[in-house]
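# Reading the structure
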Amino acid sequence: AKAAGRGRHRFFEPSMHNNAANRQMLEHDLRGAVTRDELSVVFQPIVRAAGEEVAGFEALVRWQHPKRGLIPPAEFIPIAEESGMIGQLGEWVLIEALEAVRHWPGHLRLAVNVSPIQFNDPRLVDLVAAALTVSGVDPSRLELEITEGVFMTECDTTEATFAALKKLGVRLVLDDFGTGYSSLGYLKQAPFDKIKIDRSFVRGAGLDQRRNAAIIRAIVTLAESLGMDTVAEGVETHEELQQMRSLGVSEIQGYIFGQPVRPAEAQQLAQGRILE
Ligand code: C2E
Ligand code: CA
Ligand code: CA
Ligand code: CA
């Protein structure tokens, strides 16, 4: 149906997996990865632009393959999506991440990525509700990061899912903002609480930088007038950090404040302040 159209196109870019055999092998291995304990979740700090306090963490999945080593999510998430494993994988990440959050100070948020395919599964809301109940984490601390891919694979339940998640009290974040097609329309279609400005707008020098700055300024203005927060991802240098601050971005994520780290290390960061 619709899901097989535009939204799935990107899954078959040759750059994502060199050949079919390789892909098939990864798919096969991924099936048992959870039970073999090869998957883990790491956490990257998200820091308030003013004051540099940790606001929360984004959970990012890792796969330690027994023979091939660390396989990046950009390589295996698309495989999980195509092969129907993403639901199970996503649920595992959510539960695992919420378990870690229980040990953090109560004001810190957790951001979890949700694949468009998960989002279009009507069971998602119950699953999120159950995971929150089991963990005891307040729903307002959970942010679900969704890319605009969700609108390309849109199905009958997408709108209802947005509404139900809002009702549950979780926060919704539009991820990778600015990289897709008609992003402004999407802001109207769903009750997002935050916009995550894609890192392609953060980097750049000279003319590029001036253009990026103009775009970010416009996104921040738009977000503010819609009552949404903003976060810039991929901030690596001090110069970029200063730039994001001067443009009024509310939160910062990127290597300048830390790479994704294991739960124990995240807990330490959660309890202190991060210094540059
Ligand atoms: P994303 O959601 O846009 O996540 C941000 C990515 O940027 C992460 O890569 C993070 O490690 C990286 N990053 C953070 N700061 C910087 C920086 O300053 N510079 C640079 N160059 N990169 C930075 P990662 O962990 O490899 O994840 C890649 C993508 O895989 C994610 O992009 C997300 O789309 C997907 N992904 C990761 N974990 C999950 C998951 O649990 N579920 C789903 N559905 N997708 C996931
Ligand atoms: Ca994300
Ligand atoms: Ca992103
Ligand atoms: Ca991305």
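Below, the structure is looked at part by part.

Cut-offs used in this document
Residues numbered from 1 in each chain as written. Chains lettered and ligands numbered in written order. Predicted model: local features only at pLDDT ≥ 70, side-chain atom pairs only at ≥ 80, totals over all residues. Heavy atoms only, no water. Helix = DSSP H or I, 4+ residues; strand = E, 2+ residues; numbered from the N terminus. Rg over C-alpha atoms; globule rule 2.2 N^0.38 Å. Buried < 20%, exposed > 50% of the residue type's maximum accessible area, 1.4 Å probe, protein only. Contact = heavy atoms within 4.5 Å. Areas by Shrake-Rupley, 256 points an atom, 1.4 Å probe, with all protein chains shown as cover. Lys, Arg positive; Asp, Glu negative; His and termini not counted. Charge placed at Lys NZ, Arg CZ, Asp CG, Glu CD. Donors = N, O, S within 2.8 Å, 3.2 Å for Na, K, Ca; no water. Salt bridge = Lys/Arg side-chain N within 4 Å of Asp/Glu carboxyl O. Core = buried A, V, L, I, M, F, W, Y, C linked by side-chain atoms within 4.5 Å. Near = heavy atom within 4 Å. Polar contact = N/O pair within 3.5 Å; in protein donor to acceptor, adjacent residues only side chain to side chain. Nonpolar A, V, L, I, M, F, W, Y, C, P; charged D, E, K, R; others polar.

## Observations concerning the overall build of the chain
The secondary structure content of the chain amounts to 12 helices and nine strands. Taking 2.2 N^0.38 as the reference for a compact globule, 276 residues should give roughly 19 Å; the C-alpha atoms of the chain span a radius of gyration of 18 Å, in line with that estimate. Taking the principal axes of the C-alpha coordinates as reference, the chain spans close to 50 × 40 × 40 Å. When the 276 residues of the chain are sorted by exposure, 51% land in the buried category. Contacts in the chain between residues at least 24 apart in sequence constitute 68% of all its contacts with a sequence separation of at least 6. Here the chain displays about 13300 Å² of accessible surface, and carbon together with sulfur accounts for 53% of that area. Measuring between centres, the 29 positive side-chain charges of the chain sit 1 Å from its 37 negative side-chain charges.

## Section: the coordination of the calcium ion (ligand 4)
Protein-derived ligands of the calcium ion (ligand 4) are Asp176 (OD) and Asp176 (OD), with the metal-ligand distances lying across 2.6 to 3.0 Å. Separating the calcium ion (ligand 4) from the calcium ion (ligand 2) is a distance of 5.9 Å.

## As for the pattern of salt bridges
Counted under the stated rule, the structure contains 17 salt bridges. Between Glu27 and Arg31 there is a salt bridge, with its nearest N and O atoms 3.0 Å apart. With Glu27 and Arg31 both in helix H2 (residues 20-31) and four residues apart, this pair spans about one turn of that helix. Classification of Glu27 as buried rests on a relative accessible area of 18%. For the salt bridge of Glu240 with Arg203, the shortest nitrogen-to-oxygen distance reads 3.1 Å. In this pair, Glu240 sits in helix H11 (residues 238-246) while Arg203 sits in the loop between strand S7 (194-197) and helix H10 (206-225), placing the two residues 37 residues apart along the sequence.

## Brief notes about the coordination of the calcium ion (ligand 3)
Angles between donor atoms at a metal ideally measure 109.5 degrees for a four-coordinate tetrahedral arrangement and either 90 or 180 degrees for a six-coordinate octahedral one. Every protein donor of the calcium ion (ligand 3) is accounted for by Asp175 (OD), Asp176 (OD), Glu233 (OE) and Glu233 (OE), and the metal-donor separations fall at 2.2 to 2.5 Å. The sequence motif formed by the donor residues of the calcium ion (ligand 3) is D-D-x56-E. A distance of 3.9 Å spans the gap from the calcium ion (ligand 3) to the calcium ion (ligand 2), which Asp175 bridges by coordinating each metal. Remark: Glu233 occurs in strand S8 (residues 229-233) and Asp176 occurs in strand S6 (residues 171-177); sequence separation between them is 57 residues. A relative accessible area of 11% means that Glu233 is categorised as buried.

## Observations regarding the nonpolar core
Among the nonpolar cores identified, the biggest contains 77 residues, and Phe43, Leu110 and Phe192 are the most heavily contacted of them. Per-element tally for this core: the top contributor is helix H4 (residues 86-101), with nine residues. When neighbours within four sequence positions are excluded, Phe43 is seen to be in contact with Phe57, Glu58, Ala59, Ala97, Ala100, Trp104, Leu110, Gln259, Pro260, Val261, Pro263 and Ala266.

## Regarding the site of ligand 1
Taken together, 20 residues are adjacent to ligand 1, and Gln44, Arg62, Arg199, Glu236 and Tyr255 come closest. At 3.3 Å from an oxygen atom of ligand 1 is found a side-chain nitrogen or oxygen belonging to Asp176. Among the secondary structure elements, those contributing two or more residues to the shell around ligand 1 are strand S2 (54-65), helix H3 (73-82) and S6. At four residues, S2 tops the list of elements feeding residues into the shell around ligand 1. For the shell around ligand 1, the class distribution of residues is eight nonpolar, five polar and seven charged.

The values are spatial; any link to function lies outside them.
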